[in-house]
Amino acid sequence: MSGLTSRTPVPTGIVVHAKSRTLELQYEGGASYRIAFELMRVCSPSAEVRGHGPGQETLQTGKRDVSIVSLEPVGNYALQPTFSDGHSTGIYSWDLLYELATRQDELWRSYLDRLAAAGVDRDAPMAAPATTGGHCH
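So, a few notes on the structure that sits alongside this text. (Residues numbered from 1 in each chain as written. Predicted model: local features only at pLDDT ≥ 70, side-chain atom pairs only at ≥ 80, totals over all residues. Heavy atoms only, no water.)

Digging into the nonpolar core
Here's step 1: The biggest cluster of nonpolar side chains holds 26 residues, and the ones touching the most others in it are Leu25, Ile35, Leu39, Met40, Tyr92, Leu97 and Leu100.
Here's step 2: Looking at this core, the elements with two or more residues in it are β2 (22-26), β3 (32-36), α1 (37-42), β5 (78-83), α3 (94-102) and α4 (104-118).
Here's step 3: No other element matches α3, which puts five residues into this core.
Here's step 4: Each residue touching tyrosine 92, except ones within four places of it in the same chain, is listed here: Met40, Arg41, Ser44, Pro45, Tyr77, Ala78, Leu79, Pro81, Phe83, Leu97 and Leu100. (Core = buried A, V, L, I, M, F, W, Y, C linked by side-chain atoms within 4.5 Å. Buried < 20%, exposed > 50% of the residue type's maximum accessible area, 1.4 Å probe, protein only. Helix = DSSP H or I, 4+ residues; strand = E, 2+ residues; numbered from the N terminus. Contact = heavy atoms within 4.5 Å.)

Structure (structure tokens):
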């Protein structure tokens, strides 16, 4: 089985690298990607981060040192990490993980641009829930 779309490859190996704070996804044919825990956390697919509709996103800050404390499979299509800041409601489909892995540079630029537009420092403690514009796209 693939991800939510039939074209998405499914990892053949998954390694949590606690020291470098990266999730390594290994694919058939030898392709391998490492995704920073911080990128995963700020791009969480959860309602807490993305909201329930356009304009309800919450810009995430202070996540540079976040770790994954546990990682659970969700059926045959996703993973659900629990992060060291207590966040555990994001379900990362194979599709989303592959997108994070293959579009990292673009997603980082977008995130840093949103921080700059909001006048918020990446390492600032999380603001009140009214801060918007946190969705990765």
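Considerations on the packing of aromatic side chains
Here's step 1: Using the criterion set out here, one finds five aromatic pairs in the structure.
Here's step 2: One aromatic cluster is present, built from ring pairs that chain together Tyr27, Tyr33 and Tyr98. (Phe/Tyr/Trp six-rings, centres within 6.5 Å; stacked < 30°, edge-to-face > 60°.)

Regarding the pattern of salt bridges
Here's step 1: On inspection of all chains with the given rule, the structure shows eight salt bridges.
Here's step 2: A salt bridge links glutamate 38 to arginine 122; the shortest N-O distance between them is 2.5 Å. Taken as a pair, glutamate 38 in helix α1 and arginine 122 in the segment after α4 lie far apart in primary sequence, 84 residues in all.
Here's step 3: A relative accessible area of 5% places glutamate 38 in the buried class.
Here's step 4: Residue arginine 122 is classed as partly exposed on the basis of its relative accessible area of 22%.
Here's step 5: The salt bridge involving aspartate 85 is made with lysine 63; its shortest N-O contact spans 2.7 Å. (Salt bridge = Lys/Arg side-chain N within 4 Å of Asp/Glu carboxyl O.)

Some words on the side chain of aspartate 95
Here's step 1: Locating aspartate 95 in the fold gives a position in helix α3.
Here's step 2: The charged side chain of aspartate 95 is buried without a salt bridge, its nearest counter-charge being arginine 7 at 7.6 Å.
Here's step 3: Side-chain polar atoms of aspartate 95 contact the side chain of threonine 8, separated by 2.3 Å. (Lys, Arg positive; Asp, Glu negative; His and termini not counted. Polar contact = N/O pair within 3.5 Å; in protein donor to acceptor, adjacent residues only side chain to side chain.)

Section: the environment of glutamate 24
Here's step 1: Inspection of the secondary structure puts glutamate 24 in strand β2.
Here's step 2: The sequence separation of glutamate 24 and isoleucine 14 amounts to 10 residues, and the corresponding C-alpha distance is 5.7 Å.
Here's step 3: Aside from chain neighbours lying at most four places away, what touches glutamate 24 is Gly13, Ile14, Val15, His17, Ser32, Tyr33 and Arg34.
Here's step 4: At a separation of 3.2 Å, a polar atom in the side chain of glutamate 24 contacts the side chain of glutamine 26.

Focus on the side chain of serine 44
Here's step 1: Within the element layout of this structure, serine 44 appears in the loop between α1 and α2 (47-50).
Here's step 2: Polar side-chain contacts of serine 44 include one of 2.8 Å to the side chain of histidine 87.
Here's step 3: Ignoring sequence-local partners within four residues, the contact set of serine 44 consists of Val49, Arg50, His87, Gly90 and Tyr92.

A closer look at the pairing of β5
If a strand is regular, its side chains alternate between the two faces of the sheet.
Here's step 1: In this sheet, β5 lies alongside strand β4 (residues 68-74) in antiparallel orientation, the contact comprising six bridges. Among the inter-strand pairings, isoleucine 68 is bridged to a residue of β5, identified as phenylalanine 83.
Here's step 2: Where β4 folds back on β5, the antiparallel hairpin that results is connected by three residues, among which glycine 75 adopts a positive phi of roughly 55°.
Here's step 3: Both β5 and strand β6 (residues 92-93) contribute to a ladder of two bridges, which runs antiparallel. Counted as the bridge partner of leucine 79 is tyrosine 92 from β6. (Pairing = 2+ DSSP bridges.)

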